Amino acid sequence: MSYLNCLRDHARRYVDVLPRSLIFGERYLQYVRLCRRWEDGCVDVELYQRRALASLLKHALRTVPFYRENYLINVHRITPENAVEVLHRFEPLRKSTVM
């Protein structure tokens, strides 16, 4: 048995014992909480997705030099309501463009 197979078998024994947050991280817990709130009817999934998209677009425009230099979009004007329209302003990238 190879070393990796041995590790995999060893890890499988503890998957059910360890907390899911330890195995999958904080994102897993956020997802579980969102699912529970959605099942209870307490969350608008579309609004949640638009907020996440707005946050992602702002992050990209602030931190990625390519987007900062090539897209003159005011980060402060991105809202969950207009995030989809802002996303449509981004052109698909080709590998040759980025390299």
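The structure this text deals with has already been given above.
Computed from a predicted model, the values in this text were never measured in an experiment. Each chain has its residues counted from 1, running along the sequence as written. For this predicted model, a pLDDT threshold of at least 70 governs which residues receive local features, and a threshold of 80 or more governs which side-chain atom pairs are given and counted, while totals over whole chains, interfaces and linings are taken from all residues. Side-chain figures throughout are based on the complete set of non-hydrogen atoms in the structure, without hydrogens or water.

In DSSP terms, a helix is any run of H or I states spanning at least four residues, a strand is any run of E spanning at least two, and both are numbered starting from the N terminus. For the protein chain, the count of helices and strands is seven helices and zero strands. In sequence order, the protein chain lays out its α and β elements as α-α-α-α-α-α-α. Principal axes of the C-alpha set define a box for the protein chain whose edges measure 55 × 45 × 20 Å. Within the protein chain, residue pairs in contact and separated by at least 24 positions form 38% of the contacts whose partners lie at least 6 positions apart. In short, Shrake-Rupley with a 1.4 Å probe defines the accessible areas, and a residue's cover is counted only from the protein chains shown. With the model as given, the accessible surface of the protein chain reaches about 8500 Å², and the carbon-plus-sulfur share is 55%. Between two residues, a contact is recorded if the distance between any of their heavy atoms is within 4.5 Å.

Now for the pattern of salt bridges. Pairing is possible between side chains that carry opposite charge, provided their charged atoms lie close to one another. By salt bridge we mean one thing: a side-chain nitrogen of Lys or Arg within 4 Å of a carboxyl oxygen of Asp or Glu. Scanning the entire structure with this criterion turns up two salt bridges. A salt bridge links Arg33 to Glu26; the shortest N-O distance between them is 3.0 Å. Taking the relative accessible area as the measure of exposure, Glu26 reaches 46% and is therefore partly exposed. Between Arg50 and Glu46 there is a salt bridge, and its shortest N-O distance comes to 3.7 Å. Remark: Glu46 and Arg50 occur in helix H4 (residues 45-63); sequence separation between them is four residues, near one turn of the helix. Summary of the burial criterion: residues with accessible area below 20% of their type's maximum are buried, those above 50% are exposed, and those between are partly exposed, where the area comes from a 1.4 Å probe applied to protein chains only.

Working rule for helices: expected span equals 1.5 Å times residues minus one. Helix length check: H4, at 19 residues, gives a terminal C-alpha distance of 27 Å against a target of 27 Å (1.5 Å per residue), a fit within 8%. Burial in H4 covers these residues: Leu53, Ala54, Leu57, Ala60 and Leu61. Looking straight down H4, one finds that the buried residues subtend no more than 130° of arc, so they occupy a single side. With respect to the buried face of H4, the exposed residues turned more than 90 degrees away are Arg51 and Leu56. Tucked inside the fold, the buried residues of H4 contact helix H5 (65-70) and helix H6 (83-88). To be clear, the arc concerns the directions from the helix axis to the C-beta atoms.

Let us now look at the nonpolar core. Throughout, nonpolar core names a set of buried Ala, Val, Leu, Ile, Met, Phe, Trp, Tyr and Cys residues whose side chains join them through atoms within 4.5 Å. Counting residues in each nonpolar core, the largest one holds eleven residues, listed as Leu53, Ala54, Leu57, Leu61, Tyr71, Ile73, Val75, Ile78, Ala83, Val86 and Phe90. Going through the elements one at a time, H4 and H6 are the ones with two or more residues in this core. When residues in this core are grouped by element, the largest group, four residues, is from H4. Discounting chain neighbours no more than four positions away, the residues touching Phe90 are Leu57, Leu61, Tyr67, Tyr71 and Ile73.

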